[in-house]
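# Notes for the structure review
The residues making up each chain are set out below.
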Amino acid sequence: MARAVSRLVFVFVLLACMATPGKGQFRKVGTAGYTFLEIPVTARAAAMGEVGVALLDGGPEALFVNPALLAHLAGSRALSVSYASYLAETSHQACSIALRLPRRMGVCGVSINRLDLGEMVETLNADVDNPGGAYIVRGTYTADAAAIGLSFAQQATAWFAYGLTLRYVRERIAVYTSDNVLVDLGMVYTTGFRSFRIGGYVQNFGVDSRYIGDSFKMPMVFRLGAAIELLGGQSSPYRLTLAADALHPSDYSERLHVGAECWLANVVALRVGYKFNYDEDGLTIGCGFKKSTGRGLVGFDLAHTDYRRLQSVLRMSFCAEF
């Protein structure tokens, strides 16, 4: 088992190095495709400034944050659904299902992530010698993007867990499409110092794809995060958790996310976060509610993200574990 863990860590570090650009490179905004994969999916993560790589109680939402966290699933089955009326009259939906395998084989999951860009007017330049002048309306068309992922996570030791996601991604504008297969690899390690744990996550690793003859890179991101309970423990009814994620995206310079979550009586959660090195978004806030039932746990989360000149987005998530 130790040898397997060592090999996994080696692969993880290798992927992280591949995600790191060479010296002299700087901002490369707009050089990657499938950027809808960078949109925060769950309300909890969105409210905490998109942190979560080392939050062990992520439940089925871990499929969008760090698949290794899925190994810490509390129940044997779990479901989450998220929705947001996103920027520019688009909508963002996501769903994830997790199932614990027998004989401690691990946890598997399926996730769907979709951005609906809605209906748009198709136009054509009326005068080829005057681009941007008069135009002819030819009708309407629709566009969307979607990703379907299959994940597996396993607790390798009492302190270490890893997770893997294989994801098929597809974008469509009218009749034109582009698709690819991406890989996510994550791990989380409990240090033994109080509740301090660290996590790492290589997201959207894949070869270049093509769209109408033009190639583009994947929105690969290397995340390194940590979390600790400042008050209480991970299972305390009253607790305050502080988390931070450092990001190294392939299409932008480094970013830092910081978030906090305060649980009251293990029923109500208050959340706040901040994202550094963004042009528009920064402060995030939200809340959560959960209730134990005779057969499991149900929860509901809300998140508000301020995009400044682009206004704000309200995101909601429902989660159930049995």
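Before going into details, it helps to say that this report is about the structure given with it.

The rules behind the values
Residues numbered from 1 in each chain as written. Predicted model: local features only at pLDDT ≥ 70, side-chain atom pairs only at ≥ 80, totals over all residues. Heavy atoms only, no water. Patch = residues over 30% accessible without salt bridge, like charges linked within 9 Å, V, L, I, M, F, W, Y side chains within 5 Å. Areas by Shrake-Rupley, 256 points an atom, 1.4 Å probe, with all protein chains shown as cover. Salt bridge = Lys/Arg side-chain N within 4 Å of Asp/Glu carboxyl O. Helix = DSSP H or I, 4+ residues; strand = E, 2+ residues; numbered from the N terminus. Buried < 20%, exposed > 50% of the residue type's maximum accessible area, 1.4 Å probe, protein only. Contact = heavy atoms within 4.5 Å. Polar contact = N/O pair within 3.5 Å; in protein donor to acceptor, adjacent residues only side chain to side chain.

### Topic: a nonpolar patch on the surface
Together, L79, V81, Y83, I97, F289, F300, L314, M316 and F318 make up a nonpolar patch on the protein surface, roughly 750 Å² of accessible area in all. Secondary-structure elements contributing two or more residues to the nonpolar patch are β1 (77–85) and β16 (312–321). Secondary-structure assignment places F318 in strand β16. We classify F318 as partly exposed; its relative accessible area is 38%.

### Things to note about the environment of T305
For T305, the location among the structural elements is in strand β15 (residues 297–306). For the pair formed by T305 and G52, sequence separation is 253 residues and the distance between their alpha carbons is 16 Å. Among residues more than four places away in sequence, those in contact with T305 are A46, D281, L283, T284, Q311, S312 and V313.

### Things to note about the side chain of S91
By the secondary structure assignment, S91 is in strand β2 (residues 91–100). Relative accessible area serves as the criterion here: at 13%, S91 is assigned to the buried category. Here Q93 takes part through its side chain, which lies 2.8 Å from a polar atom of the side chain of S91. Contact partners of S91, with chain neighbours within four places excluded, come to Y83, A84, Y86, R114, L115 and D116.

### Some points on the pattern of salt bridges
Enumeration over the complete set of coordinates arrives at 10 salt bridges. With its nearest N and O atoms 3.0 Å apart, the salt bridge here joins R44 to D57. Residue R44 is located in helix α2 (residues 43–47), and its partner D57 is located in the loop between α2 and β1; the two are separated by 13 residues in the primary sequence. Of the residues examined, R44 reaches a relative accessible area of 9% and is grouped as buried. Here D184 ties to R167 by a salt bridge, and the two come within 2.6 Å at their closest N and O atoms. Here the residue D184 occupies a position in strand β6 (residues 176–190), and R167 occupies one in strand β5 (residues 160–173), the gap between them amounting to 17 residues. When sorted by exposure, D184 lands in the same class as R167, which is buried. Beyond isolated ion pairs, a larger network of salt bridges with shared partners links R44, D57, E261, R271 and D301.

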